Amino acid sequence: MKFSALAIAAAAMSAGVNAFSVNVNNRAASFAVRNMALKSAAVDVDTKAALAQAANEARGLAMDSIAAAHSGHMGLPLGAAEIGATLYGGQLQYNAKDPQWMNRDRFILSAGHGSMFIYSWLNLAGYDLPMEEVKKFRQHHSMTPGHPEFPNSEHNTPGIECTTGPLGQGVANAVGFAASEKMAEARYNTADHKIFDHHIFALAGDGCFQEGVSAEAAAFAAHEKLDNLIVLYDANEVTLDKMAEYTQSEDVLKRYEAYGWEVYDIDGHDLDAVDQAIAAAKASDNGKPKFIKCNTIIGKGMEETEGTNAAHGEAGVPYVDNAKKNIGLPVDEKWYVSEGTRDFFKGVQEKNTEKYEAWQKTYAAWAEANPELAKELKDAIEDNVPSAEEMIKSIPATGAKAEATRVSGANAIQEIAKLVPHYVSGSADLHGSCRNYINDGGNFGAGFDKSYAGRNLYFGIREHAMGSILNGFAYHGLFKASGSTFAVFVDYLRPTIRVAALAELNRVSYILTHDSIGVGEDGPTHQPVETVSGLRVFPNLDVWRPSDAEETVASFVSSVTRKEGPTALIFSRQNMDQNDALDYMARREGALKGAYVAKKETADLDLIIIATGSEVQHALKAAADLPGARVVSMPCMSVYERQSDDYKESVLPSSCTKRIAMEAGVSDLWYKYASKVVGVDRFGFSAPGDIVMKELGMTAENLSAQIAAMN
C-alpha cells in the first residue's frame, strides 16, 4: 500500500477515525457488535488510512462533477463518504467484473439525489464506469444521470440496482429485494448447497423516512422477518428547506424498533463504528431487519456549508477548491484518485474474486445435483417464458358464460402460474375481491401458514408499499410479480407505477378490479371514472381492459410475455356477456394486437363502433341491426398503436370517418379514434350497479340513440 505519512495523517484527521463507538438498542445486537469489535481490532492502520483516503477522494470526485455540471446534490456524497468506503471497501459482497452475479449484495441509494455518491464509489470499486463518464455527470447520453437509473434503453450503468429519486421508494424497493432474496433461498437452496445468502443494503435520509411509503414497507419487512435487509440512515438532521427539526420531532430509531427492527446508533464518520455495525447486522440472523442510524454531518469537508441545509444541493460549488485543500486533495487536479486508492481497490477486487470463484464452484455442484432446479433458475434469471402465441394455444378455451372479468382473471392466473414458475402475485388485503390468488402456490412470509417459498404475498392495506415492493422484486431479477387492489385505489401506488414504466420493468404487473361505475352500491368513492385513462397516459405502461374471458386470457398472456415495461390489467366486478359469435382463438389473437374487429359489417361499411371492457357487449347489441356497422374491441390502446400501419388501417380504415366510441369512463382519450364518444365525464353515485350504468348512459339503448343522432 503506497500512502505517504502526510496522506495518512490528513485522511485520518478528516475522517475522524476514532475508537470504536456504537450504541445498540437491544442485548443481542450489542453482543454481536462486541464480538465484531474484537474480531476487527487487529485491522491494520494502512487499511484504515486507505479507507479514509478513499472517502476523501470520493468527496473530491463528487465536488468536481457537481461543479462541472453546475447542478447536483453535494451534501450526501460528502456526508456519507465513510459509509461508502466501508461498504465498497470490504463489507459489500460483489464482483465489479460481473455486476450481474446473482448472489451479489444489492445496494440501493434511496436518497437518489445524492447520485454522485454511488457513481464515485462504482468508479473507485472497479466497475465499468470510466472516469470520463463521471466527468459527464448529468449530461446527455452519459452513464451518470441526475438520479440513478436502473439499466434501460436510455442508460446502462453497471452497479445501479434500482431507479431512485422519489424519496422513500428506495427503502420500500429494498424490502422487495429482501423478500425476493428470501424467496430465492427457500426455492433454490438445498441442504447440500447454499447458492443464495446475500444481503440488501439501502442508504436513506430524513426525507425518505418522512415519506409514508417507507413506513408501510418497514412494517411489512418486520412482520415478515426480513433479516437480510440492512437500512443505513444518513442522519444529518437536514432537509432541503430547513433543518430537519423544523418539520420532524419523532425518534426514528424508536419508531423502527417499535416496528420490530434491530436498531443501531453510531457515528457515521467513524470508520470502525460503521464497519463493526454493518458486520454485526450481517451476522445477526434473528428475524429482524436492521436499521443503522449513522449520525453524519451533511457536506462534511466544506466548512462554508457543512451541517446546514445549504449543503444539500450545489450551493457549495464556489467553495470546492478550498474544501479539497482542507481534506488534503490537490486543488489543481480535477477528479483526483491516488495510486494508493487504486491499489487498495485492486486488493478488494482480488478478495472479492476469491469469494466469487468459491461460489461458482458451489453453484456448479448445485446445478449438477439439481438439473431441474438449475433450468428453472436459469429461466427465471433470463425471464424465459413461452411466446404469447404458444401460451394462448396451450391454455384451454374458457367456455365461460356471462361472468365478471375478475372471475375470468381468477381462472387465467392459474394457467399463467403453471406456464411461468417464477410468477408470483400478491394483494393489498383484497385477494377475495380481486381473485388473483394462485391456488396451491402457498403463502409467502413468516409465521402462520406462510413460508418464504410461497407464491402469494399478503401486503396488508399498504398499496404504496406494495407497488414499491413489486418493483423491488423486478429489480432483483428473478421473479415476475403482480399485485392487486381496486382500480380506484391505484392512485395510492401511482408513483411506483411511474417509476416501473420509466425503468422498463417488464416483470411487474398490476391487477386492478372493480373497474367502473358498475361497482354500484359503494358509491363514487369506489367507482373509478378517470382512473383507467389516467393510467393510459403513462408512457410505456400497457393498460388492458378486456371485454370477456378470452380477452382476459390474452391480457394475462401479454402481461407475462411483454419485454419493454409493466402492464395494468383492469377487470370488472359485474358480469359481462361473452362474444361467442367469434371463435375463442380469434378473440385471443385479435386482443393480442390491442384492437380487432369483434363484429364485421355485412354490408358496405358506414359506421365503426369502438368499445372496450364492459361496453363491448353494448356495442355488439347496438350493431346487431346495422348491416353497415363494424364493432371494434380495443382492450389495449398502446398495444394497438404498436401495430403496423397496414394492420391499423385494416381495423380502423381511414375511409370510414363516421365513428363512435363507448367506455364507462372519461371520454377524452377516445377522440383520437372517434368523432363522438359515449362516456362518463362525471362522478357516479351510490345505487345498484345496473342502475348507475343505465342512469349514466352505459346501455345498448343509449348507444343506439347516440348513433341515430349522428345521421
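This one's a predicted model, so the numbers in the text were calculated from it and none came from an experiment.

Definitions and limits used
- Residues numbered from 1 in each chain as written.
- Predicted model: local features only at pLDDT ≥ 70, side-chain atom pairs only at ≥ 80, totals over all residues.
- Heavy atoms only, no water.
- Helix = DSSP H or I, 4+ residues; strand = E, 2+ residues; numbered from the N terminus.
- Rg over C-alpha atoms; globule rule 2.2 N^0.38 Å.
- Buried < 20%, exposed > 50% of the residue type's maximum accessible area, 1.4 Å probe, protein only.
- Contact = heavy atoms within 4.5 Å.
- Areas by Shrake-Rupley, 256 points an atom, 1.4 Å probe, with all protein chains shown as cover.
- Lys, Arg positive; Asp, Glu negative; His and termini not counted.
- Charge placed at Lys NZ, Arg CZ, Asp CG, Glu CD.
- Disulfide = S-S within 2.5 Å.
- Salt bridge = Lys/Arg side-chain N within 4 Å of Asp/Glu carboxyl O.
- Phe/Tyr/Trp six-rings, centres within 6.5 Å; stacked < 30°, edge-to-face > 60°.
- Lys NZ or Arg CZ within 6 Å of the ring centre and 35° of its normal.
- Pairing = 2+ DSSP bridges.
- Core = buried A, V, L, I, M, F, W, Y, C linked by side-chain atoms within 4.5 Å.
- Patch = residues over 30% accessible without salt bridge, like charges linked within 9 Å, V, L, I, M, F, W, Y side chains within 5 Å.
- Axes fitted to C-alpha atoms, helices over the stretch in contact; angles between N-to-C directions.

Focus: the overall build of the protein chain
The helix and strand inventory of the protein chain stands at 28 helices and 19 strands. Here the C-alpha radius of gyration of the protein chain, 28 Å, is about what a compact globule of 711 residues would show, namely 27 Å. Seen along its three principal axes, the alpha-carbon backbone of the protein chain occupies a region of about 95 × 55 × 45 Å. Burial statistics for the protein chain: of 711 residues in total, 62% are counted as buried. A separation of at least 24 residues holds for 76% of the contacts in the protein chain among residues at least 6 apart in sequence. Surface summary for the protein chain: the accessible area is close to 26,300 Å², and the carbon and sulfur share equals 51%. Between the mean site of the 66 positive side-chain charges and the mean site of the 92 negative ones, the protein chain shows a separation of 2 Å.

Some thoughts on the state of the cysteines
What the rule picks out here adds up to zero disulfides. Considering cysteine sulfurs only, Cys162 is the nearest to Cys208, which forms no disulfide, with 11 Å between them.

Examining the pattern of salt bridges
One pass over the structure, following the stated rule, counts 33 salt bridges. In this structure, the salt-bridge partner of Glu224 is Lys450, at a minimum N-O distance of 3.0 Å. Taken as a pair, Glu224 in the loop between α10 (212–223) and β4 (229–235) and Lys450 in strand β9 (residues 450–451) lie far apart in primary sequence, 226 residues in all. The two residues Glu224 and Lys450 agree in class, both being buried. Residues Asp515 and Arg545 are paired through a salt bridge, measuring 2.8 Å at the closest nitrogen-oxygen approach. With a gap of 30 residues between them, Asp515 in the loop between β12 (508–513) and α21 (531–536) and Arg545 in the loop between β13 (542–544) and α22 (549–561) connect regions that are remote in the sequence. Arg545 matches Asp515 in its accessibility class, with the two residues each being buried. It is possible to trace a salt-bridge network through shared partners that takes in Asp515, Arg536, Arg545, Glu615 and Glu663.

Observations concerning the packing of aromatic side chains
Taken as a whole and judged by the stated rule, the model has 30 aromatic pairs. One aromatic cluster is present, formed by Phe209, Tyr233, Tyr256, Tyr259, Trp261 and Phe291 through successive ring pairs. Sitting over the face of the ring of Tyr246, Lys242 holds its NZ or CZ atom 4.8 Å from the ring centroid. Lys593 extends its terminal NZ or CZ atom over the ring of Tyr647, reaching a point 5.1 Å from the ring centre.

Some details on the pairing of strand β7 (residues 423–427)
Extensive coverage of β7 is indicated by the burial of five of its five residues. Burial of the side chains of β7 extends over both faces: Tyr423, Ser425 and Ser427 are buried on one face and Val424 and Gly426 on the other. As defined by bridge partners, β7 adjoins strand β11 (residues 480–486) across five bridges and the pair is classed as parallel. In the strand pairing of β11, Ser425 is matched with Ser482. Inspection of the sheet shows β7 paired to strand β10 (residues 456–458) by three bridges, in the parallel sense. Looking at the pairing, Ser425 lines up with Asn456 of β10.

A look at the environment of Ser558
Tracing the backbone shows Ser558 in helix α22. Excluding residues that lie within four positions of it along the chain, Ser558 makes contacts with Trp544 and Leu592.

Some remarks on the nonpolar core
In this structure, Trp261, Phe291, Tyr510 and Leu535 are the most contacted members of the largest nonpolar core, which totals 80 residues. Residue contributions to this core peak at 10 residues, all from helix α8 (residues 169–188). Ignoring any residue separated from it by four or fewer positions in sequence, one finds Leu535 in contact with Val490, Arg494, Ile497, Leu512, Leu541, Val543, Ala568 and Ile570. Core analysis: the second largest hydrophobic core is formed by 68 residues, Val385, Ala412, Ala417 and Ala554 among them.

What about a negative patch on the surface?
A surface patch of like charges, here negative, comprises Glu389, Glu390, Asp583 and Glu589. Note that Glu389 resides in helix α16 (residues 388–394).

Description of the sheet that holds strand β16 (residues 607–611)
Reading across from one edge, β15-β17-β16-β18-β19 is the order of the five strands in this open sheet, with mixed pairing throughout. Bordering the open sheet on either side are β15 (596–599) and β19 (676–678), each of which pairs with just one other strand. Within the sheet, the average angular offset between the axes of one strand and its neighbour, ignoring direction, is 30°. Relative to β19, strand β18 (residues 659–662) runs parallel, the two sharing three bridges. Across the sheet, the residue bridging to Met662 is Val678, located in β19. On the sheet, helix α24 (residues 616–623) packs against β15, β16, β17 (629–633) and β18 and is oriented at approximately 170° with respect to β17.

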